[in-house]
Amino acid sequence: MSSYDPRSSGCTPFEEELINAMNDFAHSTDSPSFDTAGMVHRTRRRRATLIAGIATALIVAGGGTALASMTGGISRTAPAKPDTTATAPGADYKKAILLLSYSKEGPVAIDLTGMDLATAKGQFLKAGVKLGTVTRVNSPGCEPDSVVEVTPHAPKVVETGDTIELKLCGSASN
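Scoring rules and cut-offs
Residues numbered from 1 in each chain as written. Predicted model: local features only at pLDDT ≥ 70, side-chain atom pairs only at ≥ 80, totals over all residues. Heavy atoms only, no water. Helix = DSSP H or I, 4+ residues; strand = E, 2+ residues; numbered from the N terminus. Contact = heavy atoms within 4.5 Å. pLDDT = per-residue confidence, 0-100. Core = buried A, V, L, I, M, F, W, Y, C linked by side-chain atoms within 4.5 Å. Buried < 20%, exposed > 50% of the residue type's maximum accessible area, 1.4 Å probe, protein only. Patch = residues over 30% accessible without salt bridge, like charges linked within 9 Å, V, L, I, M, F, W, Y side chains within 5 Å. Areas by Shrake-Rupley, 256 points an atom, 1.4 Å probe, with all protein chains shown as cover. Salt bridge = Lys/Arg side-chain N within 4 Å of Asp/Glu carboxyl O.

## Side note on the environment of leucine 168
With respect to the helices, strands and loops of the structure, leucine 168 is situated in strand β6 (residues 163–169). Each C-alpha atom, one on leucine 168 and one on cysteine 142, is 9.3 Å from the other, the two residues being 26 residues apart in sequence. Ignoring sequence-local partners within four residues, the contact set of leucine 168 consists of Leu117, Val134, Thr135, Arg136, Val137, Asp145, Ser146, Val147 and Val148.

So, in structure tokens, the structure goes:
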């Protein structure tokens, strides 16, 4: 019986022999090797890949949202029929739709209903048309200073460079 350190008198010989055998086994075997540097590297690589994937998804979603907002109502497909539902009581929806001609794709519908003058000017700039005279009309149920009519409007198709007249809803004091 070999012992590495003296035991207290409270141990039985069997217990002492068992403890000595376990110590002999523990000291004679090799300790397991762990590639801690490799584990850290793999963990960091997985984390970086996950973060890059999430960032890519956010960028793609944000880019799609930005592209959708940049068109601002411009549809690249030819409209079958403009919707005839009114956005406000008394507003004629068809009078604020501008059909812009594109060479290969056919006419594109630009809905200006309810836009303010600054937004409508931005749409004209994107579409390549010029802003003509802006007049105010009293139209029941519309929001003041919002577009209620464009001239010429659908179903007439306009070309880039044409001049478009705007009619805005008169102010509440009118």
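## Describing the confidence of the model for the protein chain
Per-chain confidence: the protein chain averages 77 in pLDDT, with 76% of residues scoring 70 or above. Of the regions scoring below 50 in pLDDT, residues 78–91 engages in 19 contacts with residues more than four places distant in sequence or in other chains.

## Quick notes on the nonpolar core
Core analysis: the biggest nonpolar cluster contains 16 residues, and Leu98, Leu112, Phe124, Val147, Val150 and Ile164 have the highest contact counts within it. Going through the elements one at a time, β1 (97–102), α3 (117–127), β4 (147–151) and β6 are the ones with two or more residues in this core.

## Remarks on a nonpolar patch on the surface
There is a patch of nonpolar side chains on the surface, built from Phe14, Leu18 and Met22 and spanning about 350 Å² of accessible area. Topologically, leucine 18 is positioned in helix α1 (residues 13–28).

## Here's the deal with unusual backbone geometry
Omega for the peptide link from threonine 151 to proline 152 comes to -5 degrees, which places this bond in the cis form. Structurally, proline 152 can be placed in the loop between β4 and β5 (157–158). A positive phi angle, near 65 degrees, is found at aspartate 145, a position not held by glycine. The residue aspartate 145 is located in the loop between β3 (130–137) and β4 in this model. You can call aspartate 145 partly exposed: its relative accessible area is 37%.

## Description of the environment of histidine 153
For histidine 153, the position within the fold is in the loop between β4 and β5. Looking at histidine 153, the relative accessible area reads 24%, which means it is partly exposed. Separated by 56 residues in sequence, histidine 153 and isoleucine 97 have C-alpha atoms that sit 5.7 Å apart. Among residues more than four places away in sequence, those in contact with histidine 153 are Lys94, Lys95 and Ile97.

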